[in-house]
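Here are the chains, one letter per residue:
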Amino acid sequence: MQTQRLRIAIQKKGRLAKECQELLKRCGVKINYTGERLVVHAENMPIDLLLVRDDDIPGLIMDGVVDLGVIGENELEEVRLERIKLGEPSQYQLLRRLDFGGCRLSIALDKDQSYNGPQDLANQRIATTYPNILKAYMDKQGVSFSTCMLNGSVEVAPRAGLADAICDLVSTGATLEANGLKEAEVIFRSKAVLIQREGSFSEEKTALIERLLTRMQGVIQAKE
Ligand code: ATP
Ligand code: ZN
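Presented here is an overview of the structure given in this document. (Residues numbered from 1 in each chain as written. Chains lettered and ligands numbered in written order. Predicted model: local features only at pLDDT ≥ 70, side-chain atom pairs only at ≥ 80, totals over all residues. Heavy atoms only, no water.)

1. Considering the site of ligand 1
1) Next: Neighbouring ligand 1 are 15 residues; Arg 15, Arg 53, Asp 55, Asn 74 and Ser 171 lie closest to it.
2) Next: The separation between an oxygen atom of ligand 1 and a polar main-chain atom of Arg 15 is 2.7 Å.
3) Next: A distance of 2.7 Å separates an oxygen atom of ligand 1 from a polar side-chain atom of Asp 55.
4) Next: Contact with the protein chains covers 78% of the free accessible surface of ligand 1, which is 640 Å².
5) Next: Of the residues belonging to the shell around ligand 1, the class tally is 3 nonpolar, 7 polar and 5 charged.
6) Next: Mapped onto the domain boundaries, the shell around ligand 1 takes at least three residues apiece from domain 1 (6-101 + 191-223) and domain 2 (103-189). (Near = heavy atom within 4 Å. Polar contact = N/O pair within 3.5 Å; in protein donor to acceptor, adjacent residues only side chain to side chain. Areas by Shrake-Rupley, 256 points an atom, 1.4 Å probe, with all protein chains shown as cover. Nonpolar A, V, L, I, M, F, W, Y, C, P; charged D, E, K, R; others polar. Domains from an automatic or database assignment.)

2. Regarding the coordination of the zinc ion (ligand 2)
1) Next: Looking at the metal site, the zinc ion (ligand 2) is ligated by Asp 54 (OD) and Asp 55 (OD), spaced 2.0 Å from it.
2) Next: Coordination at the zinc ion (ligand 2) is irregular: its 4 donor atoms span angles of 76 to 175 degrees at the metal.
3) Next: The class for Asp 54 is buried, based on a relative accessible area of 18%.
4) Next: For Asp 55, a relative accessible area of 32% translates into the label partly exposed. (Donors = N, O, S within 2.8 Å, 3.2 Å for Na, K, Ca; no water. Tetrahedral: all angles 85-135°; square planar, octahedral: opposite > 155°, others 65-115°. Buried < 20%, exposed > 50% of the residue type's maximum accessible area, 1.4 Å probe, protein only.)

Limitation: the analysis is restricted to geometry and does not speak to function.
Written out as structure tokens, the structure is:
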């Protein structure tokens, strides 16, 4: 279902939400976010924003349901690998890397446990929300392991006796430390990115995307 208006998916609330809203505002897109709506219309441009869970954004782009999306590379890569596994569409175009949402996906284990490299993880159970990225990394290292899939509270899994180690997002490391864990291996570095669906766009949409990208370039450069 193609619409005349450019559809952009962003996170409704969470770590990327505020900065996405701020970026669009600085690019001159006027939006009133009050209320609990899924779709909000820009007042001064033919743009509709979809406010969703970040987990849904890669799929919306890969299925061609929305035109643009802002998403953390960690989530994007996890969904891409999952879709390849399931034989579902997994294509997108990277328009640009953004200057927020920085974090890393790391393997961490008990701070008192010795660690000399990935081989020390052999046959261990690792709790994670990112099983596909973790598997890709471990396969590359040639180390076998088992997973414990958790969508939250990953950092307490070792203490709770659910897993030997974890693979989770880290920014400062404070959460790991608070849970008696140490960072052993960084397996993926991530930032927020602007992505576009595959396929053709009307001339109007193409011109609007160009204009947004030019403004974004200016906004991001001004901050550096
Ligand atoms: P949603 O309700 O939309 O599913 P969520 O709980 O999955 O939200 P957030 O915690 O808001 O997600 O994180 C969104 C993204 O922010 C992450 O996928 C990651 O790219 C980025 N991020 C930056 N720093 C961190 C961090 N310290 N911990 C987790 N995510 C971070
Ligand atoms: Zn999420």
